[in-house]
Amino acid sequence: MIIDVNAHLGHYPFRRLRFTGASTMIEHMDSHGITAAVVTSLHSVFYRDAHRGNEELFHECRKFPGRLIPVATVNPTYAGWQRDLEQSVREWQTKAIGLFPSYHNYSLTDQHGQSVLRSAAEHNLPVVLTQRLEDRRQRHPWDQAEDISIEELSELAMAHPSVRFSLRNWSGLDGGQLLAAKLRGRCLIEFSRLQVLVSKDVPKLISTLGVDSIAFGSHMPFDYVGPSLVKLANLATLPAGDCEKIAWKNAAAFFQLDDVTGARPPQ
Amino acid sequence: MRKFDAHNHVWDDVHLQNADWTSVDNLIEAADVLGIEKLFCSRPITKGVMADIQAVRSANDSVLAAMKRQPERLFGYCFVQPGNGKAALDEIERCLAAGMVGVKLYNQFKYTDPAVFPIAERCIDRRIPILGHSGYLTDPTASAAQPNISNALEFCGLSSRYPELILILGHINGGGDWEWAIKALRECPNVYLDTSGSVQEDDTIGLCVRELGHQRILFATDLLMEGGVGKILAAELTGQQREDILWRNFQSVLDRRAA
């Protein structure tokens, strides 16, 4: 079984993506042996009102229970975001809160960022932080977003010691820095932009933060799934239990996915 | 299935006494795991530096040392800077005599600059490929850091002047607008491209094949070895197309020298 913790649904304004709806995403997952995926809405990133994207996302994912695990995106600069978050938690049982600070024009360390982090702590929900959606060197002129930095992450982690973080599409993660920010045991790092071989990013993070901190992720539908499948295969030298943790068990525990274990594996 | 990695690197001073071979050993270890039979490596001088010829020779010496340590696995491109003039041409001869198989250009000069022409003419004479660093950088900061990086249209400019030149556009996924680059390459049928780079965006390989035909596409990783292999395995290709991209196309490039 594989749970992909880095996936999106919806259109991206600057490039055509091939798998934008729930049905096409499920077909794509089946063709690569992915059992379930934790997904955020790209529409929530680009709509003025992120919650309208959440409505679409939860509606779409309901068609594939246990396969697509929706995560609500919160824009803490928008009117009424706390009430919208309540709806995501109470009605839709969101498993986490997705934040895209640069796209929503705030900083994780300003009053908006601090406020939403406090809400995450109150709801005991992990926060999903995507370092970037795509490489900045190919940015569209209207794409002014910047990557989230490890320094910003460290500051947040220290200021909100009970919040857990799902780190998607990150590179350049220094295990020592994450350890110093007391993130051991409360972060889940997926490896779509990390290497198992050559620079050995993943083995280094395992040795610093423990195998429970690593998860499978592909950044689909932006990226090919193949690279992450190759990385998972290259982790086969780990003890069998550890491989299974990375493939799905860590994700299931982190996001408290009780229903995914009963999901029908792809044929 | 055989795999030839057409774009890789040796970055450390492994030609010096008491060298640390860890990075080269890690490269070979990864190639073993991923089933990559041959790796074609260079060591360009980066960060906008226009170095003197001694530094260029030293960089090439590190590749030659790695080739000597792994003679069945590692092969070399000779890095040169067109601004070094005749010394650059002499360096090509030195590297070929020592067993290298091509030339690597970086971003010291745009490939439409006349300073590049003698290098191109020498490569035509020797029937060897030029692998060129490339990018169509739309981010102002990235672009300012590499003012002389060549984009796909500039590759086309050089190829139009020298249709018989074997020119490879390096790392289609190495940063920059790769869709723009593929469209630009439609107009210059003699330019190959390699598939390497840190970007692993879905359908890159498919778009290359649809727009350019699979025989111009060369598998490569540029040290991002799992991603490089993974995207070829994940791309929708026929068995024949995949095999051609993974090794046969580049073998045909290498065979031109023997011919």
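In short, a report on the structure. Residue indices begin from 1 for each chain and proceed along its sequence in written order. Numbering of ligands from 1 and lettering of chains from A proceed in the order in which they are written. A pLDDT threshold of at least 70 governs which residues receive local features in this predicted model, and a stricter bar of 80 or more applies before side-chain atom pairs are shown or counted, although totals over entire chains, interfaces and linings include all residues. For the side-chain quantities, the full set of heavy atoms in the structure was used; hydrogens and water were omitted.

To continue, consider the overall build of chain B. In terms of regular secondary structure, chain B is built from 10 helices and 8 strands. As defined in this context, the radius of gyration uses C-alpha atoms, and a globule is described by 2.2 Å times the residue total to the power 0.38. By the compact-globule yardstick of 18 Å for 259 residues, chain B fits well, its C-alpha radius of gyration being 17 Å. Partly exposed residues are those whose accessible area sits between 20% and 50% of the maximum for their type, while under 20% is buried and over 50% is exposed, using a 1.4 Å probe and protein chains only. Buried residues in chain B amount to 62% of all 259 residues. The long-range share in chain B, meaning contacts at least 24 apart out of those at least 6 apart in sequence, stands at 76%. Surface exposure here means Shrake-Rupley accessible area, sampled with a 1.4 Å probe, where a residue is shielded only by the protein chains that are shown. Total accessible area on chain B is roughly 9,700 Å²; 49% of this is exposed by carbon and sulfur atoms. We treat Lys and Arg as the positive residues and Asp and Glu as the negative residues; His and chain ends play no part in the count. To locate a charge, take atom NZ for lysine, CZ for arginine, CG for aspartate or CD for glutamate. Of the side chains in chain B, 26 bear a positive and 34 a negative charge, and the two mean positions are spaced by 5 Å. Each helix is a run of H or I in the DSSP string that is no shorter than four residues. Each strand is a run of E no shorter than two, and both are numbered from the N terminus. Throughout, a residue-residue contact means that at least one pair of heavy atoms, one from each residue, lies within 4.5 Å.

Here the focus is the nonpolar core. Throughout this description, the term nonpolar core refers to a set of buried Ala, Val, Leu, Ile, Met, Phe, Trp, Tyr and Cys residues connected via side-chain atoms within 4.5 Å. Formed by 79 residues in total, the largest nonpolar core has its most connected members in Leu68, Leu99, Leu129, Phe165 and Ile189 of chain A. The biggest single contributor to this core is helix H10 (residues 240-254) of chain A, with 7 residues. Those residues in contact with Phe165 of chain A, other than ones at most four positions away along the chain, are Leu117, Val127, Leu129, Leu153, Leu156, Ala157, Leu183, Arg186, Cys187, Leu188 and Phe254 of chain A. One finds Leu169, Ala181, Leu185 and Phe219 of chain B within the second-largest nonpolar core, a separate group that totals 75 residues.

In this description, a pair of aromatic rings is defined by centroid distance and the angle of the planes. Any Phe, Tyr or Trp ring, taking Trp's six-membered ring, that has another such ring centre within 6.5 Å forms a pair; planes under 30 degrees apart are called stacked, those over 60 apart edge-to-face, and the others tilted. Inspection of the entire model under this criterion finds 15 aromatic pairs over all chains. Both rings, one in Tyr111 of chain B and one in Phe155 of chain B, keep their centres 4.9 Å apart while their planes meet at 75°; by these two values the pair is edge-to-face. Of the two residues, Tyr111 of chain B is situated in the loop between strand S4 (102-105) and helix H4 (117-126) and Phe155 of chain B in helix H6 (residues 152-161); the sequence distance between them amounts to 44 residues. Considered together, Tyr111 of chain B and Phe155 of chain B belong to a single accessibility category, that of buried residues. What links up through ring pairs into an aromatic cluster is the set Tyr12, Phe14, Phe46, Tyr103 and Phe222 of chain A. Placement of a charge over a ring requires the Lys NZ or Arg CZ to be within 6 Å of the ring centre, with the centre-to-atom vector within 35 degrees of the ring normal. When the ring centre of Trp247 of chain B is taken as reference, the NZ or CZ atom of Arg2 of chain B above it lies at 4.4 Å.

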